[in-house]
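For reference, the chains in residue letters:
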Amino acid sequence: MLAVIRGVNLALCIFFTVCYSYQILYAILGIFLRPKKYQAKKDHRFAVVIPARNERSVIPALIASIKKQNYPQKLIDIFVIADNCTDDTAQVARQSGAKVYERFNRQLVGKGYALDYLFHRMKDDGLCDQYEGFFIFDADNLLDENYIREMNKVFDNGYKVITSYRNSKNYDSNWISAGYSLWFLREAKYLNHVRMRLHTSCAISGTGFLVHREIIEKNNGWKHYLLTEDIEFTVDSVLHGEKIGYCANAKLFDEQPISFRQSWNQRLRWTKGNYQVFGRYGRKLAVGALAKRSFSCYDMMMNVSPAMFVTFASILFNGIFCMVGIFNINVTPQIIPATLISILGSCLNLYLIAFLMGTLTTLTEWKEIHAHPVKKILYLFTFPIFMMTYIPIAVCALFQKITWKPIEHTVVKSIEDFQ
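Note that the structure is a prediction, hence the values are computed from the model and not measured.

A. Region of the structure containing the overall build of the protein chain. Looking only at helices and strands, the protein chain has 15 helices and 8 strands in total. The buried share among the 419 residues of the protein chain stands at 55%. Taking contacts inside the protein chain between residues at least 6 apart in sequence as the whole, the part at least 24 apart equals 81%. Surface exposure of the protein chain reaches about 18,900 Å², of which carbon and sulfur atoms provide 60%.

Below, the structure written as structure tokens:
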């Protein structure tokens, strides 16, 4: 029986290592590769699209940061879709200088439906043809003053979908906001940055991206309605041969949750959304990776696959056999220490991997992290705990029915706070 336990644990370890070892190479390359410099021959005309639900407190700061862009203002128009609002978000957005559409639909709820509604309304009003691309932001975002100019450079070089550098408005609030922030900084620096330099497809992460009008027209609006519409859009784009770009010099600041309950609900939705994407597109990604030898398909498949299940499977497997050993302690006493060591080893490995990941990101992005140095160091040790909470979330998301719920945003800052 011990041989079986050791064999299964070894198989799980090998499986995880083989699947994700390429990200070790990403981490190494991310340290040494510098962003490629792009130049634009033309300033393109863009529409900024902002889905907003009860965001009256934060949306004026976003619109103000757009109006302060180092880019011709005559080439930027701002559209807000006030989606199922029960406050005066629409009025506040209009007063701030945006063109506002209002939507009320309690059956089709979520960002994807709001975006689709807005694009169809703009098309009906004859507005879509005026723009070459559409920026999509969340209402709590803030933009660096050179954001649109830098994105325009990559857009002008042929990329039809582009994501950006995602930083945090409230890294230093607590260990939860810091956990989110470190993850997104790591995603920008050690995933999308490296993908861009290796000429493979990057991935959209929630907010702060640019889409060419041709993509919106081809999709007849916004056709992605799963709980993680950004990941679905990414996977669908990759499957259709679109190479998503990344602009390291376009910096966006995003608000992160600070309460564990809110964080749990949000990440539960994200995890369920990833399951939905994997269930709908997993086979196609596998075919693309194997039959078409597409590394982008493989990369995206690993991006949406339930990786935490490997750790959970190890803990569950060893836990079951540990209980067998306890109830048969006179027969197989050696099972108990063997399984306990495996369980502790799985948890320790996850902690160390996350700690190394967080440490590397903190060191290289030190100047981009807006927090006291003591907090930067402290949150290195809590980041692995934040990541480990994904294990119960991954399990709950399997069995729980989850619907889209708004996240309350309360951090009111201006872009000047980060300059």
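Resuming the write-up.
B. Spotlight on the nonpolar core. If you look at the biggest cluster of nonpolar residues, it comprises 90 residues, and the most contacted ones within it are Ile 50, Ile 59, Met 122, Phe 134, Phe 135 and Tyr 147. In terms of residue count, the dominant contributor to this core is helix α7 (residues 175-197) (8 residues). Leu 226, Val 238, Met 301 and Met 302 belong to the second largest nonpolar core, which has 20 residues in total.

C. Structural context of the sheet that holds strand β2 (residues 76-83). Read across the open sheet, the 8 strands follow the order β3-β2-β1-β4-β7-β6-β8-β5; overall the sheet is mixed. In this open sheet, the two edge strands, each paired with only one partner strand, are β3 (99-103) and β5 (142-143). Sheet topology places strand β6 (residues 161-168) next to strand β7 (residues 209-212); 3 bridges connect them, and they run antiparallel. Residue pairing in the sheet places Val 161 in a bridge with Val 211 of β7.

D. Focus on the pattern of salt bridges. For the structure shown, the criterion picks out 17 salt bridges. The closest approach of N and O atoms between Arg 94 and Glu 102, which form a salt bridge, is 3.3 Å. Judged by its relative accessible area of 42%, Arg 94 is partly exposed. The partly exposed category is assigned to Glu 102, whose relative accessible area is 36%. With its nearest N and O atoms 3.5 Å apart, the salt bridge here joins Arg 280 to Glu 232. Taken as a pair, Arg 280 in helix α10 (residues 260-290) and Glu 232 in helix α9 (residues 229-239) lie far apart in primary sequence, 48 residues in all. Residue class for Glu 232 comes out buried when judged on its relative accessible area of 1%.

E. Up close: the packing of aromatic side chains. By the definition in use, this model includes 28 aromatic pairs. With centroids separated by 5.2 Å and ring planes inclined at 85°, the aromatic side chains of Tyr 22 and Tyr 26 adopt a geometry described as edge-to-face. Of this pair, Tyr 22 and Tyr 26 are both found in helix α2 (residues 22-32), 4 residues apart, which corresponds to roughly one turn of the helix. The class of Tyr 22 is buried, set by a relative accessible area of 11%.

F. Inspection of the environment of Ile 231 at higher detail. Relative to the assigned elements, Ile 231 resides in helix α9. With a relative accessible area of 13%, Ile 231 lands in the buried category. Here the alpha-carbon distance between Ile 231 and Asn 274, two residues 43 residues apart in the chain, equals 7.5 Å. Leave out the neighbours within four places in its chain, and Ile 231 touches Ile 204, Asn 274, Val 277, Asn 303 and Val 304.

G. A look at helix α6 (residues 147-156). Burial within α6 is extensive, with 8 of its 10 residues counted as buried. All of the buried residues in α6 are Tyr 147, Ile 148, Glu 150, Met 151, Asn 152, Lys 153, Val 154 and Phe 155.

H. Up close: the pairing of β6. Within β6, 8 of the 8 residues are buried, which leaves it mostly tucked inside the rest of the structure. Bridge count between β6 and strand β8 (residues 245-254): 7 bridges; the pairing is parallel. Residue Ser 164 lies in a different strand from β8, and its bridge partner there is Cys 247.

What counts as what
Residues numbered from 1 in each chain as written. Predicted model: local features only at pLDDT ≥ 70, side-chain atom pairs only at ≥ 80, totals over all residues. Heavy atoms only, no water. Helix = DSSP H or I, 4+ residues; strand = E, 2+ residues; numbered from the N terminus. Buried < 20%, exposed > 50% of the residue type's maximum accessible area, 1.4 Å probe, protein only. Contact = heavy atoms within 4.5 Å. Areas by Shrake-Rupley, 256 points an atom, 1.4 Å probe, with all protein chains shown as cover. Core = buried A, V, L, I, M, F, W, Y, C linked by side-chain atoms within 4.5 Å. Pairing = 2+ DSSP bridges. Salt bridge = Lys/Arg side-chain N within 4 Å of Asp/Glu carboxyl O. Phe/Tyr/Trp six-rings, centres within 6.5 Å; stacked < 30°, edge-to-face > 60°.

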